[in-house]
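# Structural overview for review
Chain by chain, the residues:
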Amino acid sequence: MIAEILLVLAGHSSSLFPTDYSLNPAIAPLLHPGEQQSLEALGLIAFRYRKIKSSCNTLSRSPSRYICALCATLSHILKEDYESLVIETEAKVLKRDSELVARGAFVPLSSIRSIFSEWDAPLAALAALFDELETEEHWKPGPLIDLLLARSRTGVHRIADIISRISIAVQRVWRTQLTAFLVHGSLSSVDPLVGQDYSLINGSMPSCVSIQTRESIAYIGRAIATVKAVKWQKQPPRDLATDHTIMLEGVLPQDQHAFDLVISQIRTNVGEWLWLNVLTRKDIDDAIDALANYFLIRNGEFSLSLIREIERLKISRLTSRSGTASMIRDQDLNLALLRASLGTTAQHDPYLSKLRFVLPAGPLRPLLPSLTNDAPTPISPTTPNAIATSLFDTHLLGTSLSLTYNISWPLDLFVDRSDLSIYSTIFSFLSALRKTHTRVHTCWTSLSNSQRARRRWTGLGEGGTSEDHEVRTRVLRCGWGVVRDMSWFLDTILGYMMMDVVDVEFRKLKGLLDRQGTGPGNAAINMAKVQSQSGLPQTNPASHLDFTTIRTIHINYLGRLLEGCLLTNPTLTSILRPILDICERFVAHVERWGGDVLPALLFEGSLRDGGGDAVGAMVKERWSVVTEIDETLRGLLESFYEQLTISMSQQPFSTTVDVSKSAFIGASMVNQTTHNLSRTARGIDSDTDHSRRHVERLLLRLDFNGELSKPRKSKGGGQTMDILAEGGLA
């Protein structure tokens, strides 16, 4: 019977257990209850072993190399540990080992049970593992490694050891494919990690690989594969490939810190080689100039022409009678880009062809500016990124509109999608300011022309009866005061953004890039200056400005732009948007009124019906609209100044600012760039001082006469004082 039990434990069938691990009913009455329990326990171990072996043989024919590696490793473990234990136990019985065989060749079942009891938990865990593996037809490497790592984290040492050995075998196969991609840029036809566009396939990376490391893997592999595919005149040296292979062979993804460190070092090495051999200084300079000209609207004539062209497009679609022709599509906006460039310096710029407008919501019908004071639709707090990105990207067209840039190789090694997302956010904000500023100036011109035409007939007054003349004068002066305040505020904000932030930071970036020097001595001195001003750790002064340093300088540049444009402060941006809306609303009212805040004397409603000296209904209506806009605008300006003053002592300008927390960077911006932004921004006192100085300059401009720091007092009944009287002009 002992021999048959050993055969059952080795995986053979027996009449002792006709079905699974239940004893044969014909034999059970002949045994002691203790013997029955021992036999059933041994039968359970044998049943689980047979089930695991059967599943292992089935899955080993899988086309997945990872499943095959798992099955091969497990078969080896069972052969070396479990099957050898069965053979060893049989040898002890045959040799009548005193530790196992009692007097008279008696072998207790309890002894056999105790020998194999150590396999109770491991075989149960392995059986559960294979049950889960068989639930899916195809396993990708990422979820498979995650499953093995999760099951290896247990308090039972033997289970943890066996599954860890299996996990390591699968990770080694994954590492082999990763090495082929990172070192040689080769793509596998079986279980590939990346697609034909060199983007990571969903499920190809285990969760223990961080997001930054995943981006680095895609970046390195794409760079090496593209260099070899385009047959560049200079290929990566063989010594570099050998060093990277040795580095990868020493780590596994389960050791997250060491793995991230190795990938980061490989990215640094590849980046430095690319900077010296592929991505030249001229490419960087041209790209930075193009991004600044179009996204930071440093090309002023083109940005103004583009705003006018979009307004012309909206009007043409509004006046179109055909239903399909009244829609605005992506291609219409891209055509507007080309039309806007005619007669400007951008007309012959090759980088203009890389710009594209994208309508995330699809084609739309244009809308006229709103004449009501409706508050913006509140957005659910569960989507903080949507709140931020929708504040200004809807201002130019009335719906979400983003400007993109087609980054081709090798420039995509320097600028990634998250950087372009930041550029697009800044463009939406600056173009909203520029558009509103232009419309307010147009409104000023319209008011001035209307007043000149009216004064030809009324002389120095505004016409009308005695009482009507007084009210018309107040309406006109109040209207002029509103448009004056709007123009002054937008002049101040736009001048601050373009001169104190964009222009200063752009010249600073160009200065840092120009400080490479030509001789060895100058290179060492300039490198130390670049590292100190960009927040990088001090390294060997004899080294030149490398690719990693360039990327870090650019990331810090974008971070300072976001801070200088106040986009990292949600409170300020939530006030700026209503200010732009109230300006657009006032301009829309003036356009609806024919370009003047006063109705013509002979218009219906200008005077009271039936004659008399009372004020007409149309004058009263316009007086109420203008005073309401005046009070709202004044309150928003004071709130903006107050919040800007408070922000000086709050987090956005402290040394521990994390730019990645800004909702304006978007969901896709939780990536390598935002990580580096937050990492390099910490502890950089020079950047903090620059941010504070930016805000101090803006505060001085806004309150140069102390008007905003002294809130305006209202008269009784809630009416504010006359604007000219407040300024001491009346």
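Look up: the structure comes first, before these words.
Calculation criteria
Along each chain, residue indices are assigned from 1 in the same order as the chain's sequence is written. Confidence filtering applies because this is a predicted model: local features only for residues at pLDDT of at least 70, side-chain atom pairs given and counted only at 80 or more, and all residues used for totals across whole chains, interfaces and linings. As a rule here, side-chain values come from all non-hydrogen atoms in the structure, and water together with hydrogens is ignored. Strands here are runs of E lasting at least two residues and helices are runs of H or I lasting at least four, both read from the DSSP assignment and numbered beginning at the N terminus. Pairs of residues are marked as contacts when any of their non-hydrogen atoms sit within 4.5 Å. Shrake-Rupley sampling with a 1.4 Å probe provides the accessible areas, and residues are treated as covered by the protein chains on show and by no other component. For helices, the fitted axis covers only the stretch in contact; all axes are lines through C-alpha atoms, and the angles between them, taken along N-to-C directions, range from 0 to 180 degrees. Roughly parallel means an angle under 35 degrees; roughly antiparallel, over 145; roughly perpendicular, 65 to 115; everything else is oblique. We call a crossing left-handed when the near helix sits turned anticlockwise from the far one by less than a right angle, and right-handed when that turn is clockwise. Residues were grouped as follows: Ala, Val, Leu, Ile, Met, Phe, Trp, Tyr, Cys and Pro as nonpolar; Asp, Glu, Lys and Arg as charged; and all remaining residues, including Gly, as polar. Note on classification: 1.4 Å probe, protein chains only; a residue is buried when its accessible area is under 20% of the maximum for its type, exposed when over 50%, partly exposed between these limits. Any helix carries an expected span of 1.5 Å times its number of residues minus one. Directions are taken from the helix axis to each C-beta atom, and the arc is the one they span. At least two bridges found by DSSP between two strands is the condition for calling them paired. Buried and open spaces are told apart on a 1 Å grid over the protein atoms alone, a cavity being a set of points where a 1.4 Å probe fits but cannot get out and a pocket being an open set with protein on both sides within 12 Å along at least five of seven lines. Residues with an atom within 4 Å of a point are the lining residues. Grid points are joined across faces, edges and corners, and a volume is the space filled by probe spheres set on the points. Here, a salt bridge means any side-chain nitrogen of Lys or Arg that lies within 4 Å of a carboxyl oxygen of Asp or Glu. Stacked, tilted and edge-to-face pairs are distinguished by plane angle, under 30 degrees for stacked and over 60 for edge-to-face with tilted covering the rest, among Phe, Tyr and Trp rings (Trp via its six-membered ring) whose centres lie within 6.5 Å. Two conditions define a charge located above a ring, namely a distance within 6 Å from the ring centre to NZ of Lys or CZ of Arg, and an angle within 35 degrees of the ring normal.

## Quick look at the overall build of the chain
- A count of helical and extended segments in the chain gives 23 helices and two strands.
- Put simply, 75% of the contacts in the chain that link residues at least 6 apart link residues at least 24 apart.
- Carbon and sulfur atoms provide 54% of the accessible area of the chain, an area that totals close to 34100 Å².

## Brief notes about the packing of helix H7 (residues 157-184) against helix H9 (residues 238-249)
- Remark: H7 packs on H9, axes separated minimally by 10 Å, with the N-to-C direction vectors making an angle of 155°. What the angle tells us is that H7 and H9 run roughly antiparallel. Seen from above, H7 lies across H9 with right-handed handedness. For the pair H7 and H9, contact is made by Arg175, Thr179, Leu182 and Val183 and by Ala241, His244, Thr245, Leu248 and Glu249, respectively.
- The class makeup of the residues in the contact of H7 with H9 is four nonpolar, three polar and two charged.

## A few points about unusual backbone geometry
- Unusually for a residue other than glycine, Asp191 sits at a positive phi of about 50°.
- With relative accessibility at 13%, the residue Asp191 sits in the buried group.

## Quick look at H9
- Along its 12 residues, H9 runs 17 Å from first to last C-alpha, staying within 8% of the 16 Å computed at 1.5 Å per residue.
- Among the residues of H9, Leu240, Ala241, His244 and Leu248 are the ones counted as buried. All buried residues of H9 lie within an arc of 100° about the axis, which places them on one face of the element. Exposed and oriented more than 90 degrees from the buried face of H9 are Arg238, Asp239, Ile246 and Glu249.
- Elements in contact with the buried residues of H9: H7 and helix H10 (256-277).

## A few points about the environment of Ala346
- Within the secondary structure, Ala346 sits in the loop between helix H13 (330-341) and strand E1 (355-358).
- Separated by 47 residues in sequence, Ala346 and Asn299 have C-alpha atoms that sit 8.1 Å apart.
- Leaving out residues up to four positions away in the same chain, Ala346 has contacts with Tyr294, Asn299, Phe302, Ser341 and Leu352.

## As for the pairing of E1
- By the alternation rule, side chains of E1 split into Leu355 and Phe357, which are all buried, and Arg356 and Val358, of which none is buried.
- Strand direction decides the pairing type here: E1 and strand E2 (residues 402-405), joined by four bridges, are antiparallel. Its bridge partner being in E2, Phe357 is matched across the sheet by Leu403.

## Points about empty space enclosed by the protein
- This model, assessed by the stated rule, comprises five cavities of 30 Å³ or more.
- Put simply, the parts of the chain that give the lining of the second largest cavity at least two residues each are helix H11 (281-294), helix H12 (300-318) and helix H15 (417-458).
- Per-element tally for the lining of the second largest cavity: the top contributor is H12, with four residues.
- Each residue belonging to the lining of the second largest cavity can be placed in one class, and the counts come to seven nonpolar, three polar and one charged.

## Brief notes about the pattern of salt bridges
- Across all of its chains, the model carries 24 salt bridges by this definition.
- Measuring nitrogen to oxygen at the nearest pair gives 3.1 Å for the salt bridge that ties Arg507 to Asp503. Linking Arg507 with Asp503, this pair stays in helix H16 (residues 466-514), spanning four residues, or about one helical turn.
- Owing to a relative accessible area of 49%, Arg507 belongs among the partly exposed residues under this scheme.
- Since its relative accessible area comes to 23%, Asp503 is described here as partly exposed.
- Each of Glu311, Lys314, Lys435, Arg439, Glu584 and Glu591 takes part in a single network of salt bridges with overlapping partners.

## A closer look at the environment of Val173
- As for its position among the elements, Val173 is in helix H7.
- Residues Val173 and Ala69, 104 residues apart in the sequence, show an inter-C-alpha distance of 7.5 Å.
- Excluding anything up to four places from it in sequence, Val173 contacts Arg65, Tyr66 and Ala69.

## Considerations on the packing of helix H1 (residues 2-9) against helix H3 (residues 65-94)
- Packing of H1 against H3 brings their axes to within 10 Å, and their N-to-C directions diverge by 170°. Classed by the angle they form, the pair H1 and H3 counts as roughly antiparallel. Facing Ile2, Leu6 and Leu9 of H1, the residues of H3 in contact are Tyr82, Val86, Thr89, Glu90 and Val93.
- Counted by class, the contact of H1 with H3 contains six nonpolar, one polar and one charged residues.

## Focus: the packing of aromatic side chains
- Counted according to the given criterion, the structure contains 13 aromatic pairs.
- Centroid distance Tyr294 to Phe302: 5.3 Å. Interplanar angle 80°. Geometry classified as edge-to-face.
- When the centroid spacing of 5.6 Å and the interplanar angle of 90° are considered together, the rings of Phe489 and Phe640 count as edge-to-face. You can see Phe489 sitting in helix H16 and its partner Phe640 sitting in helix H20 (residues 617-647), a full 151 residues away along the chain.
- An aromatic cluster of three or more residues is present, and its members are Phe295, Phe357, Tyr405, Tyr423 and Phe427.
- Above the plane of the ring of Tyr219 lies Arg267, whose end atom (NZ or CZ) is 4.1 Å from the centre.
- Between the NZ or CZ atom of Arg474 and the centre of the ring of Trp623, over which it lies, the distance is 5.5 Å.

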